[in-house]
Number of protein chains: 2
Amino acid sequence: AQVSKLLELKNLKLGDAKNGSKKGTQFTLKTPKGTRDWAEKDVALREKIFGTVTDIFKRHGGVTLDTPVFELKEILTGKYGEDSKLIYDLKDQGGELCSLRYDLTVPFARWLAMNPKITSIKRFHIAKVYRRDQPAMTKGRMREFYQCDFDIAGTFDSMVADSEALKILVEALDALNVGKYTIKLNHRKILDGIFEVCGVPSDKIRTISSAVDKLDKMPWENVKEEMTEEKGLPEEVADRIGEYVLLKGGPELLAKLKADEKLSANKSASGAFEDMKLLFEYMENFGILDRFSFDMSLARGLDYYTGIIFEAVTEASAPKKIASKKDVKKSDDPEADRSNDDTIGVGSIAAGGRYDNLVGMFSSRKNAQLPCVGISLGLERIFSILRNRIPDDELRANEVEVYVMAFGGGKEWTGFLKERMNVCSELWAAGIKAEFLYKVKAKPRQQFEAADKYGVPVAVILGQDEFNGGNVRIKRMGQKENSDEGVLVPRASMVSELKKLLASL
Amino acid sequence: AQVSKLLELKNLKLGDAKNGSKKGTQFTLKTPKGTRDWAEKDVALREKIFGTVTDIFKRHGGVTLDTPVFELKEILTGKYGEDSKLIYDLKDQGGELCSLRYDLTVPFARWLAMNPKITSIKRFHIAKVYRRDQPAMTKGRMREFYQCDFDIAGTFDSMVADSEALKILVEALDALNVGKYTIKLNHRKILDGIFEVCGVPSDKIRTISSAVDKLDKMPWENVKEEMTEEKGLPEEVADRIGEYVLLKGGPELLAKLKADEKLSANKSASGAFEDMKLLFEYMENFGILDRFSFDMSLARGLDYYTGIIFEAVTEASAPKKIASKKDVKKSDDPEADRSNDDTIGVGSIAAGGRYDNLVGMFSSRKNAQLPCVGISLGLERIFSILRNRIPDDELRANEVEVYVMAFGGGKEWTGFLKERMNVCSELWAAGIKAEFLYKVKAKPRQQFEAADKYGVPVAVILGQDEFNGGNVRIKRMGQKENSDEGVLVPRASMVSELKKLLASL
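Description of the structure in this document. (Residues numbered from 1 in each chain as written. Chains lettered and ligands numbered in written order. Predicted model: local features only at pLDDT ≥ 70, side-chain atom pairs only at ≥ 80, totals over all residues. Heavy atoms only, no water.)

## A few points about the overall build of chain A
Helix and strand counts for chain A stand at 18 helices and 16 strands. Per-residue burial for chain A yields a buried fraction of 56% across its 505 residues. Contacts in chain A between residues far apart in sequence, at least 24 positions, make up 71% of those at least 6 positions apart. Working note: accessible area of chain A is about 21,500 Å², and carbon and sulfur atoms make up 50% of it. (Helix = DSSP H or I, 4+ residues; strand = E, 2+ residues; numbered from the N terminus. Buried < 20%, exposed > 50% of the residue type's maximum accessible area, 1.4 Å probe, protein only. Contact = heavy atoms within 4.5 Å. Areas by Shrake-Rupley, 256 points an atom, 1.4 Å probe, with all protein chains shown as cover.)

## Let's talk about the interface of chain A and chain B
Listed by partner, the interface residues are 117 residues for chain A and 117 residues for chain B. The interface formed by chain A and chain B contains 16 salt bridges. Between B:Lys128 and A:Asp66 there is a salt bridge, with its nearest N and O atoms 2.9 Å apart. At the surface where chain A touches chain B, the tally comes to 50 residue pairs in polar contact (both at pLDDT 80 or more). Per-element tally for the side of chain A that touches chain B: the top contributor is helix α1 (residues 2-18) of chain A, with 8 residues. When the residues that make up the side of chain A that touches chain B are grouped by side-chain class, the tally is 52 nonpolar, 26 polar and 39 charged. (Salt bridge = Lys/Arg side-chain N within 4 Å of Asp/Glu carboxyl O. Polar contact = N/O pair within 3.5 Å; in protein donor to acceptor, adjacent residues only side chain to side chain. Nonpolar A, V, L, I, M, F, W, Y, C, P; charged D, E, K, R; others polar.)

## Describing the pairing of strand β5 (residues 144-153) of chain A
Residue and element names in this part refer to chain A. Extensive coverage of β5 is indicated by the burial of 10 of its 10 residues. Burial of the side chains of β5 extends over both faces: Glu144, Tyr146, Cys148, Phe150 and Ile152 are buried on one face and Phe145, Gln147, Asp149, Asp151 and Ala153 on the other. Relative to β5, strand β4 (residues 121-130) runs antiparallel, the two sharing 10 bridges. Directly across from His125, in β5, lies its bridge partner Asp149. (Pairing = 2+ DSSP bridges.)

## Considerations on the sheet that holds strand β15 (residues 471-476) of chain B
Residue and element names in this part refer to chain B. The strand order across the open sheet built from 5 strands is β13-β12-β14-β15-β16, with neighbouring strands paired in mixed fashion. At either margin of the open sheet sits one strand with a lone partner, and together these are β13 (434-436) and β16 (487-490). Ignoring strand direction, the axes of neighbouring strands in this sheet form an average angle of 30°. Pairing geometry for strand β14 (residues 458-463) and β15, over 4 bridges, is antiparallel. (Axes fitted to C-alpha atoms, helices over the stretch in contact; angles between N-to-C directions.)

## Here we look at the sheet that holds strand β15 (residues 471-476) of chain A
Two strands in a sheet stick together by hydrogen bonds in their backbones, pointing the same way (parallel) or opposite ways (antiparallel). All names here are of chain A. Strands sit in the order β13-β12-β14-β15-β16 across an open sheet of 5 strands; the sheet is mixed. Looking at strand neighbours, the two that pair on one side only are β13 (434-436) and β16 (487-490), the edges of this open sheet. Averaged over all pairs of adjacent strands, the angle between strand axes in this sheet comes to 30°, irrespective of strand direction. Across 3 bridges, the pairing between strand β12 (residues 402-407) and β13 is parallel. Counterpart to Val404 in the pairing with β13 is Phe436. Against the sheet, helix α15 (residues 417-429) touches β12, β13 and β14 (458-463), its axis set at about 170° to β13.

## Details of helix α16 (residues 444-453) of chain A
Residues and elements named next belong to chain A. Turning to α16, its buried residues number three or more, namely Gln447, Ala450 and Ala451. Down the axis of α16, the smallest arc covering the buried residues is 95°, so these residues share one side. Turned more than 90 degrees away from the buried face of α16, the exposed residues are Arg445 and Lys453. Contacts made by the buried residues of α16 are with β12 and α15. Directly beyond the C-terminal end of α16, a positive phi value near 65° is found at Gly455. (Arc of directions from axis to C-beta.)

## Section: the packing of aromatic side chains
Taken as a whole and judged by the stated rule, the model has 34 aromatic pairs over all chains. Between the aromatic rings of B:Phe108 and B:Trp111, the centroid separation amounts to 6.5 Å while the plane-to-plane angle is 20°, which identifies the pairing as stacked. Note that B:Phe108 and B:Trp111 are positioned in helix α4 (residues 105-114) at a spacing of 3 residues, about one turn of the helix. An aromatic cluster is present here, built from A:Phe57, A:Phe124 and A:Phe150 joined pairwise through their rings. Over the ring of A:Trp38 we find A:Arg36, and its NZ or CZ is 3.7 Å from the ring centre. If you follow B:Arg132 out to its NZ or CZ, it ends over the ring of B:Tyr88, 5.4 Å from the centre. (Phe/Tyr/Trp six-rings, centres within 6.5 Å; stacked < 30°, edge-to-face > 60°. Lys NZ or Arg CZ within 6 Å of the ring centre and 35° of its normal.)

## Things to note about the side chain of B:Arg473
Residue and element names in this part refer to chain B. Assignment of secondary structure puts Arg473 in strand β15. At a separation of 2.6 Å, a polar atom in the side chain of Arg473 contacts the side chain of Glu466. A polar contact of 3.2 Å, which involves the side chain of Arg473, links it to the backbone oxygen of Glu485. If near-sequence neighbours (up to four positions away) are discounted, Arg473 is found in contact with Ala459, Val460, Ile461, Glu466, Glu485, Gly486, Val487 and Leu488.

## What about the packing of helix α6 (residues 188-198) of chain B against helix α9 (residues 235-245) of chain B?
Residues and elements named next belong to chain B. It is at 9 Å that the axes of α6 and α9 come closest, and there the two elements cross at 145°. Judged by the twist between their axes, the crossing of α6 over α9 is right-handed. Where α6 approaches α9, its residues Ile194, Phe195, Val197 and Cys198 are matched on the opposing element by Val237, Arg240, Ile241 and Tyr244. Counted by class, the contact of α6 with α9 contains 7 nonpolar, no polar and 1 charged residues. (Left-handed = near helix turned anticlockwise from the far one by under 90°.)

Put into structure tokens, the structure is as follows:
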């Protein structure tokens, strides 16, 4: 019944196409806009990236948490400000109202609030999140995309967890080999102190902070214009801000800021100075200080940060073209792909910060705060950098190590199908990744082509006479043709010989 | 602004709870119905299960495919018959209409149809699927749950791929250690032949097949009643079916069926007999024949199967109580959890079959068929069996191997925080999973408790004098208290000593 329904449907939908009319109703064979399939070499590289960061996370005591792909709508409500319009809702089909998760941080905070017994944890989560944003597919801006978060929750001595989070970030970016990168680092409370000292009214601090955050995309005069013309800040206040937010450097900048009497007198800033002093010490101890730039222009969009904030950039992060005000206006079609928009770069490849109040927002218990610090790696952005850099033939879609073949001929020749099955079974039992061709009688050329297609490095050849004599031939693949006849070994030592050979590759 | 909005919201939602009224509007702190968080020991076991099957899939040349969690609605339309009502739709927020995937097979077929260059592939996919069904959480029946599929697509010599698919299934169930299991095996075309020979009208074959499929849940007389009373089959036809579908056995049953003249004369059945003969040969060759029961009562619900079908069951698969007709009626509340319903068992732990026509349904090209055979493991059902069986203290939430501690005292005692950081850095660089306590001065007891909480097997102790003398102490954890003082080793050989010790555990 289902099959006939399907065939009906197919005829209906494909009818016009078959009659040559391209305009008719067609069976749309695609993934939804802003989503993609991950297959073959792409998925192999992506899995390698996942494996690399997972190893590092586990090495630091991380445990994974897996939350549902959708949450009750009210859990997400009010968490993302203006961006809430980008949340995907599920259709109301009766029962609860749900939305697809927008990030992995809010579900983590929700889980912590639901599990008050957990007072400290290092959790990581690599999973897809959903945003109805304008896609720019080739730059890794998607509607469905992976986030990769590592967060440390708990009440600890100052800056110790923060420094390990930064250590993990450096280990990950180094291990992934993303090329030269810089991690911009700042402290929310220094920034708040600067705004207070410069005379920004407290109700404007977050919106002025957002304007500052655009300094990586537009020059100071445009940011200043936004502050004064759009956000109504007096020009002299903006000018004072300008004197601070363009500063960047290392621990010596901290000394310079401390020497600023007005700023040192500010309670918010002076507390943060103590934090930064300790953090720099621990970072030096971890040997990671040289990767960072203490950068007053880094403000980060999200409101929930309460301590250090950071963002890692590479050359690919910056847009090819600085956006003028005109450019920033989005295309009229919100569904259009913006891959060719030069005012969009790959963006930051990692970011994060400390957020001490988010968990408490989900809890009805008094003082139910659980301070957190976390990093988030932009794995798809990192993927697009690496995919362009790594030569295609260095990537393999599958991991098969041995292709089992049979060569023979003449009237008596059976094709050795069962013999190939047996040899494969032996290899599988020994943990060796092996394949054979699903043909009763397979020609040598077909078998070599099948092995070469996926770059299988070794062949085990069952020669008609050799195999009956108790031997198999082990041959390296991918060498020049006929350059290597392989080595004849007794079947009994096949597995150990193969293991030796595979370990040497 | 977001923070203040949140706080507002919190006050609003939590207001009544604070005033002691439990009935008021509350901030609902839960996951959506039929979904769950995977955390701590649960997720550790689940990851182990995923790792075991992934290794086996890769050993057989499998490559992973990752498709979007939602598909265009029309891709899913018409694929699931009556169960289509269980599909989750996304809200229409402008743009395309989308639905959450219901299984991993239809997205795989969609992908193959979109990528006609791929003429053969072994793909696996472990991912969540979505069904708005009545949940029975403790039995692994969820609305969001993992499927784990391995499928072989391509045109090959008869039954070779099928036999490797069954070999993979056996390897997986054996490696997972699910306990005693049986895999019921049948062939759609034998079943169709039986129905034809017994006189079932062709338009009733699928519905009668569905009735037969219930033989694992109810006795023959109830199934017969359904065939005759509900589905209008003449009683003598039902009786003839009864003579066949209660048969089960091994290759000798195949001989018996072949000896049945009427059945052998049926074109559908006789072709399938050839398939089964070859399959049994290959299965014997792979050494897996003893795990199977050739079972005429296995029909499988899905319509798209065209060849072999199979289903693995354990003791936990069967319901505690055979459902009478009355029981089968679902509760009035479709949202109610049915965990305590004894007429529901864990169900089959794996299933699959051959489906040669599904890919073609997505394609407008002529003869665009791509034959497939696949297995699907019920990983959450397997999880619930293993979680009950494995003692809790054998599971660890994290994988930390070494806890780095410092012991000291007196006025000069700094707490060795930076020293612990340095030692950890050294261990991390050597690939050893290590942690330290995020306290400047940590008491020995606190450090031991932190290590014991997660069952960390080894401690590296930085004694105040010992460390200054260039030595660290390596101590096995989890032994009786004070039974082991550990071994003092020079710091320079710490990593190699630890690697030796960890390898021996």
